[in-house]
Amino acid sequence: MTASGQLSTTDGSTWWRSAAIYQVYIRSFADGNGDGVGDLAGVRSRLDHLADLGIDAIWFTPWYPSPMDDGGYDVADFRDIEPLFGTLAEAEGLIAQAHERGIRVIIDIVPNHCSDEHPWFRAALEAGPGSVERQRFWFRPGRGPDGAEPPNNWKSRFGGSAWTRVPDGEWYLHLYSSRQPDFNWDNADIRAEFEDVLRFWFDRGVDGFRIDVADGLVKDPALPDVADGDETPFSDQEGLHEIYRSWRKIADSYTGERVLVGEMWLPDMSRAARYLRRDELHSAFNFDFLVCPWDVSRLRDVVTRTLRAHDDVGAPAAWVLSNHDVTRHVTRYGRAGDTGFSFADRLHGTPVSLELGTRRARAAALLTLSLPGGVYVYQGEELGLWEVEDIPSALRQDPVWARTAGADPGRDGCRVPLPWSGSAPPFGFGTGTPWLPQPDSWAAFTASAEAADPASMLSLYRRGLQLRPSLGSASLAWLDAGPEVLAFTREPGFVFALNFSAEAVSLPPHSEVLLASGPLEDGLLPTDTAVWLRR
Ligand code: BGC
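Residues numbered from 1 in each chain as written. Predicted model: local features only at pLDDT ≥ 70, side-chain atom pairs only at ≥ 80, totals over all residues. Heavy atoms only, no water.

Colleague: Got a minute to help me understand the overall build of the protein in this structure?
Modeller: Of regular secondary structure, the protein possesses 14 helices and 18 strands. Residues counted as buried form 59% of the 535 residues belonging to the protein. Here the protein holds 50 positive side-chain charges and 77 negative ones, and the gap between their average locations is 3 Å. (Helix = DSSP H or I, 4+ residues; strand = E, 2+ residues; numbered from the N terminus. Buried < 20%, exposed > 50% of the residue type's maximum accessible area, 1.4 Å probe, protein only. Lys, Arg positive; Asp, Glu negative; His and termini not counted. Charge placed at Lys NZ, Arg CZ, Asp CG, Glu CD.)

Colleague: Would you mind showing me how to read the sheet that holds strand E5 (residues 163-165) here?
Modeller: Strand pairing in a sheet relies on backbone hydrogen bonds, with the paired strands running either antiparallel or parallel. If you walk across this open sheet you meet the three strands as E4-E6-E5, and the pairing is antiparallel. Each edge of the open sheet carries a strand with a single partner, namely strand E4 (139-140) and E5. Where E5 lies against strand E6 (residues 171-173), three bridges are found, and the strand directions are antiparallel. From the neighbouring strand, Thr164 faces E6, where its bridge partner is Tyr172. (Pairing = 2+ DSSP bridges.)

Colleague: I keep staring at the nonpolar core and nothing clicks. Help me out?
Modeller: Generally speaking, nonpolar side chains in soluble globular proteins are found buried as a group. Counting residues in each nonpolar core, the largest one holds 147 residues, and the members touching the most others are Phe60, Trp63, Trp201, Tyr244, Trp247, Phe496 and Trp532. In this structure, Trp138, Phe158, Tyr176 and Val226 belong to the second largest nonpolar core, which totals 14 residues. (Core = buried A, V, L, I, M, F, W, Y, C linked by side-chain atoms within 4.5 Å.)

Colleague: So what exactly am I meant to see when it comes to the side chain of Asn286 here?
Modeller: Among the secondary structure elements, Asn286 is positioned in the loop between strand E9 (283-284) and helix H8 (287-290). Asn286 gets classed as buried once you look at its relative accessible area, which sits at 4%. A distance of 3.2 Å separates the side chain of Asn286 from the backbone nitrogen of Phe289, its partner in a polar contact. (Polar contact = N/O pair within 3.5 Å; in protein donor to acceptor, adjacent residues only side chain to side chain.)

Colleague: Mind showing me how you'd approach the site of the ligand here?
Modeller: The environment of the ligand is formed by 14 residues, the closest being Asp70, Asp212, Glu263, His324 and Asp325. Contact between the ligand and His113: an oxygen atom at 2.9 Å from a side-chain N or O atom of the residue. Asp325 places a side-chain nitrogen or oxygen 2.5 Å from an oxygen atom of the ligand. (Near = heavy atom within 4 Å.)

Colleague: Looking at this model, I keep getting lost on helix H6 (residues 240-252). Mind explaining?
Modeller: Turn by turn, an α-helix covers 3.6 residues, leaving residues three or four places apart pointing in a common direction. With 13 residues, H6 should reach 18 Å at 1.5 Å per residue; the first-to-last C-alpha distance of 18 Å fits that figure. For H6, the complete set of buried residues consists of Leu240, His241, Ile243, Tyr244, Trp247, Arg248, Ile250 and Ala251. (Expected span 1.5 Å × (residues − 1).)

Colleague: Any chance you could explain the domain arrangement of the protein here in plain terms?
Modeller: In many reports, interface size means the accessible area that the parts give up when they come together. Domain boundaries in the protein define domain 1 (15-112 + 184-221 + 231-467), domain 2 (119-173) and domain 3 (471-534). Computed over C-alpha atoms only, the centres of domain 2 and domain 3 are separated by 56 Å. (Domains from an automatic or database assignment.)

Colleague: So what exactly am I meant to see when it comes to the packing of aromatic side chains here?
Modeller: The geometry of an aromatic ring pair is captured by the separation of the ring centres together with the interplanar angle, meaning the angle of the planes. Within this structure, the stated rule accounts for 37 aromatic pairs. The interplanar angle of 40° and the centroid separation of 5.6 Å between the aromatic rings of Trp63 and Trp201 together place this pair among those described as tilted. Placement of Trp63 in the loop between strand E2 (57-60) and helix H3 (88-100) and of Trp201 in helix H5 (residues 188-203) is noted, with a sequence separation of 138 residues between them. Both residues of the pair, Trp63 and Trp201, count as buried. Summarising the aromatic geometry, the rings of Phe137 and Phe183 are spaced 5.4 Å apart at their centres and angled 25° between planes, so their arrangement reads as stacked. Highlighted residues: Phe137 in the loop between helix H4 (119-127) and E4 and Phe183 in the loop between E6 and H5, separated in sequence by 46 residues. Its relative accessible area of 2% is what places Phe137 among the buried residues. Residue Phe183 is classed as buried on the basis of its relative accessible area, which comes to 1%. Sitting above the plane of the Phe139 ring, Arg134 keeps its charged end 4.4 Å from the centroid. Directly above the ring of Trp401 sits Arg396, whose terminal nitrogen or CZ lies 5.5 Å from the centroid. (Phe/Tyr/Trp six-rings, centres within 6.5 Å; stacked < 30°, edge-to-face > 60°. Lys NZ or Arg CZ within 6 Å of the ring centre and 35° of its normal.)

Colleague: Where do I start with the sheet that holds E2 in this structure?
Modeller: The strand order across the open sheet built from eight strands is E9-E8-E7-E3-E2-E1-E11-E10, with neighbouring strands paired in parallel fashion. A single partner strand is all that each edge strand has here, and the edge strands are E9 and strand E10 (318-320). Sheet analysis places strand E7 (residues 208-211) next to strand E8 (residues 259-262), joined by four bridges and oriented parallel. Bridge pairing links Gly208 to Val259 in E8.

Colleague: Please clarify how the pattern of salt bridges should be interpreted in this entry.
Modeller: Side chains that carry opposite charge are capable of pairing whenever their charged atoms lie near each other. Counted by the stated rule, this structure contains 34 salt bridges. Two residues, Arg210 and Asp108, come together in a salt bridge whose shortest N-O distance is 2.8 Å. Separated by 102 residues along the polypeptide, Arg210 in strand E7 and Asp108 in strand E3 (residues 104-109) bring together distant segments of the chain. Judged on exposure class, the residue Arg210 and its partner Asp108 are both buried. The residue Asp212 makes a salt bridge to Arg210 at a minimum N-O spacing of 2.8 Å. Across the pair, exposure class does not vary: Asp212 and Arg210 are buried alike. Salt bridges here are not isolated pairs; linked through shared partners, they connect Asp70, Asp325, Asp398, Arg411 and Arg415. (Salt bridge = Lys/Arg side-chain N within 4 Å of Asp/Glu carboxyl O.)

Colleague: What should I look at first to understand the environment of Ala451 in this one?
Modeller: With respect to the helices, strands and loops of the structure, Ala451 is situated in helix H13 (residues 447-451). With residues up to four places along the chain from it excluded, the contact list for Ala451 reads Leu458 and Arg462. (Contact = heavy atoms within 4.5 Å.)

Colleague: Help me understand the side chain of Arg328, please; the structure alone is not making it clear to me.
Modeller: On the secondary structure map, Arg328 appears in the loop between E10 and helix H10 (329-333). Nearest to the buried, unbridged Arg328 among oppositely charged side chains is Glu387, at 5.5 Å. Those residues in contact with Arg328 that sit more than four places away from it in its chain are Ser322, Tyr378, Gln379, Gly380, Glu381, Leu385, Trp386, Glu387, Cys414 and Leu418.

Colleague: Looking at this structure, I do not really get the packing of helix H11 (residues 354-370) against helix H14 (residues 457-467). What am I missing?
Modeller: Axes are the key here: two packed helices are described by the angle between their axes and the distance separating the axes. Where H11 meets H14, the axes come as close as 10 Å, and the angle between the chain directions of the two elements is 10°. Judged by the inter-axis angle, H11 sits roughly parallel to H14. The residues of H14 that touch H11, namely those facing Thr358, Ala361, Arg362, Ala365, Leu366 and Leu369, are Met457, Leu460, Tyr461, Gly464 and Leu465. Residues that form the contact of H11 with H14 fall into these classes: eight nonpolar, two polar and one charged. (Axes fitted to C-alpha atoms, helices over the stretch in contact; angles between N-to-C directions. Parallel < 35°, antiparallel > 145°, perpendicular 65-115°, else oblique. Nonpolar A, V, L, I, M, F, W, Y, C, P; charged D, E, K, R; others polar.)

Colleague: Can you walk me through the state of the cysteines in this structure?
Modeller: Disulfides are covalent bonds that connect the sulfur atoms of two cysteines. Taken as a whole and assessed by the stated rule, the structure comprises zero disulfides. In this structure Cys292 is a free cysteine whose sulfur lies 20 Å from that of Cys414, the closest cysteine sulfur available. (Disulfide = S-S within 2.5 Å.)

Colleague: Sorry if this is basic, but what is going on with the packing of H5 against H6 here?
Modeller: Two numbers describe how H5 lies on H6: the axes approach to 10 Å, and their chain directions differ by 30°. Compared by their axis directions, H5 and H6 come out roughly parallel. Between H5 and H6 lies a crossing whose hand is right-handed. For the pair H5 and H6, contact is made by Arg191, Phe194, Glu195, Leu198, Arg199 and Phe202 and by Glu242, Ile243, Ser246, Trp247, Ile250 and Ala251, respectively. For the contact of H5 with H6, a count of residues per class yields seven nonpolar, one polar and four charged. (Left-handed = near helix turned anticlockwise from the far one by under 90°.)

Listed below in structure tokens is the structure:
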């Protein structure tokens, strides 16, 4: 972005290498029409918040027509807008309005699966076994004498089997809920369809796509049984690279540097980096960093490995602390022991110190904002919101909750509608009752309360995002500031330090303190506190 706030055409080739991208989970951002569900009118009314925050781009989670079985990740039509959220014309207006403020727009694309209400899936059900319509999905006969056993032992990532039987006896594959049938990417219709969908939205001005389940589209057509935890036949298959090369050509055929961002939870960072070669995706979320516990050597190690793997392919890293799928990091960092996350283990009910979690979240914010590369901010993290763990069962909507019979509480706790203003729910979210209840204690965490408080999380994010573009080179050098201090430099002259030890420590040599995540104590850096310095 230029000083005047306009999208620059001269920096067009690099904006995504260091962008700060704000994730809007539309249902929970702001409600413009009083039905208790966030929508595009709500987003338009709150664009000032995002402009004041100083972000470069917004990533919108899926906004397409959807039965909302999985919060919109079950898409019924890839070329329109969910009526609960607004209209296509409104989306076009929103893209233009964001651009006027110098904010780029990235949207989610969900190519691994669709909704069971998508016309292609309905047609497949109707057309029956052996039809060309069924070849767009993974329909198979079952096993066992009467085909009553699923075709293989794959598990849904939301719990239970990955197969559902239809009345004519065949089964279809769904790596997520039974209302999200997986597409068969060996089928030419699917490839052509998604290339066209990319063009449809690029033509409407979007600056890029976040690709849902980017590692999962291609399946081993033999559909072999797997050992527990083995995802080999449906993750990171070699055939994916060819798909992303063709998508990259489409993106590159548009002006203004349009980008492709992959969502990939791969165990091996060097495998993930292969998707970031120059003719494939532009970037991918760094989940190793997200799941890393609060531990100085493990964090240093994950940063080192990330930068190395990305350097090897010439791609920027993308740092992320939270998103709509994981326990909010104030809560993760506020728990003793491991702060990791997995779909199966959300640790609800484990004691949390919000005071500790908040102190660490502030330090982590300064860490992510100062690492070389891009950074994602999930709505509400700039307010210091925590995971809401006491949502009544009857109100929980994540299919994970139902598919695990409540064993996994699911992801609703990080999706609670944002508090904007006022002293009681709905906190300016809208005029209706929010689709998930907000805690009363969020009165002190509304955007308007925090905007007025220089010590708030919001003020820290604003200042950090403002200073961030001046932090220096696209690489870092570790600085030895003691075994329990994470410290590095970026040239020219920027120094970062985060103290993990139980005692306050002295600051590395500096001429100026630019920003600190908490008050310094007699010039010393306290526990779980980070500082930005000018040498
Ligand atoms: C999205 C989830 C979604 C899943 C299936 C993801 O990884 O981020 O929210 O449930 O894909 O689409």
